[in-house]
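Inside the fold
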Amino acid sequence: MSDSAQHNAQQKAIDQLRKHNITDVISLSQKLLSGDRSALSQAITLVESTSELHKNLASQILNNCLPHSGRSLRVGITGVPGVGKSTFIEALGQVLLSHGKKVAVLAIDPSSSISKGSILGDKTRMEWLSQQQNAFIRPSPSALTLGGVARKTRETIVLCEAAGFDVILIETVGVGQSETAVHDMTDFFLLLMLAGAGDQLQGIKRGIIEMCDGMLITKADGDNGKNAQRAGAEYLSALHLFPPTANGWIPKVQTCSAIEKTGVSEAWNMIQEHATWMIERNLFEAKRMQQDEEWLQAAIEENLTNSFFCNAENKVKIAQAQQLVHEKKLTPFAAAHWVLGQQ
């Protein structure tokens, strides 16, 4: 989806709130809290908008929804592109729906650094799940945000929880050097890995491994079944080489096949086991408090950045600094200090 197409879709949803008064906000909030999926979509669109007016409306809606949030299980799902994240999520969604759960999937698609657009094709890849009444799939562009998550993912989680979804699955764009933000906003961090794709252990990114609460070797079907079992054993041995987690939980390694529907229920059992383990040790609420602190930190950084770059005087000074850098009179580092008034 191109940048202009995203804007048009966003504007179409916002046009339904053309009057922009508090009555509209209250009405939308009430519909969202009753589980209205259309109202949820409209609220998320407002949250993702960059318009100051829409930001104010979104803030009011979030304040109305916040007391009704926090009662879901938040699961982050990451892995390299091609590992089968979307296929696994649809299979997991089927398991969750069979247990009477309401499932929201926040699928983050990478944005182009050139066109700024995203394909947003996860609804197509999760065809069955997208048609279910108790499932909600929201693809969003990452907007080049580091961490593999969209800029407003935290706010979207609150809205989905307020709408009655009790399991929130967050699919990230894929493993990268900066993909840690998802860990700071979820209760369980699930890492999907492939077998038979080269040296398993050499491909491990230490930071991601140290943060994961569980690992799944995907596509453990057909001739690849034995490879998956072997890779699982290797990963399990490698995990023992890492320092123990701060909370004492020992990450588990399992195999699964979303195609053959094997290992998917076991993956859900692992997630539930972790939640129970955390609750029994009074660690669950502590982690939620940490998530709120990370949200606050991110909000402060975003507001400071926006405020700085929107300031007219700063724009002039930045242009001057760019010229000094072009003329080789200052290094970019020294120019940044000059712009910030630090020397």
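Residues numbered from 1 in each chain as written. Predicted model: local features only at pLDDT ≥ 70, side-chain atom pairs only at ≥ 80, totals over all residues. Heavy atoms only, no water.

Digging into the nonpolar core
- Counting residues in each nonpolar core, the largest one holds 45 residues, and the members touching the most others are Leu32, Leu40, Leu159 and Ile217.
- With near-sequence residues (within four places) excluded, Leu40 lies in contact with Leu32, Phe136, Leu159, Cys160, Ala163 and Phe165.
- Counting 36 residues, the second-largest nonpolar core is a separate cluster that includes Val83, Phe88, Ala107 and Ala275. (Core = buried A, V, L, I, M, F, W, Y, C linked by side-chain atoms within 4.5 Å. Buried < 20%, exposed > 50% of the residue type's maximum accessible area, 1.4 Å probe, protein only. Contact = heavy atoms within 4.5 Å.)

Things to note about the environment of Ile89
- Turning to its location among the elements, Ile89 is positioned in helix H5 (residues 85–98).
- Remark: the alpha-carbon pair of Ile89 and Arg125, spanning 36 residues in sequence, is separated by 10.0 Å.
- Setting aside residues up to four positions removed in sequence, Ile89 forms contacts with Ile77, Val105, Met126, Leu129, Leu169 and Glu171. (Helix = DSSP H or I, 4+ residues; strand = E, 2+ residues; numbered from the N terminus.)

Some thoughts on helix H14 (residues 332–339)
- Buried within H14 are the following residues: Ala334, Ala335 and Val339. The buried side chains of H14 occupy one side of the element, clustering within an arc of 140° when seen end-on.
- Where the residues of H14 are buried, they touch helix H12 (284–310) and helix H13 (312–326).
- One or two residues past the end of H14 sits Gly341, with phi positive at roughly 70°. (Arc of directions from axis to C-beta.)

Considerations on the pattern of salt bridges
- Applying the stated criterion across every chain, the model contains ten salt bridges.
- Between Glu48 and Arg138 there is a salt bridge; the shortest N-O distance is 3.2 Å. On the criterion of sequence distance, the pair formed by Glu48 in helix H3 (residues 37–48) and Arg138 in strand E3 (residues 135–141) is long-range, its members being 90 residues apart. Of the two residues, Glu48 and Arg138, both sit in the buried class.
- Three or more residues are tied together by salt bridges with common partners; here these are Lys152, Glu155 and Glu302. (Salt bridge = Lys/Arg side-chain N within 4 Å of Asp/Glu carboxyl O.)

Side note on the packing of H13 against H14
- The geometry of H13 relative to H14 is characterised by a closest axis approach of 10 Å and an angle of 155° between their N-to-C directions. Classed by the angle they form, the pair H13 and H14 counts as roughly antiparallel. Of the two possible hands of crossing, H13 and H14 adopt the one that is right-handed. Contact residues: Lys317, Ile318, Gln320, Ala321 and Val325 in H13; Pro332, Ala335, Trp338 and Val339 in H14.
- Looking at the contact of H13 with H14 residue by residue, the classes come out as seven nonpolar, one polar and one charged. (Axes fitted to C-alpha atoms, helices over the stretch in contact; angles between N-to-C directions. Parallel < 35°, antiparallel > 145°, perpendicular 65-115°, else oblique. Left-handed = near helix turned anticlockwise from the far one by under 90°. Nonpolar A, V, L, I, M, F, W, Y, C, P; charged D, E, K, R; others polar.)

Quick word on the packing of aromatic side chains
- The tally for this structure, following the rule as stated, stands at three aromatic pairs.
- For the pair Phe136 and Phe165, a centre-to-centre distance of 5.9 Å together with 40° between the ring planes defines the contact as tilted. Residue Phe136 is located in strand E3, and its partner Phe165 is located in the loop between helix H8 (153–162) and strand E4 (167–171); the two are separated by 29 residues in the primary sequence.
- A residue is classified by how much of its surface remains accessible, and Phe136, at 5% relative accessible area, is buried.
- When the centroid spacing of 5.3 Å and the interplanar angle of 85° are considered together, the rings of Phe308 and Phe309 count as edge-to-face. (Phe/Tyr/Trp six-rings, centres within 6.5 Å; stacked < 30°, edge-to-face > 60°.)

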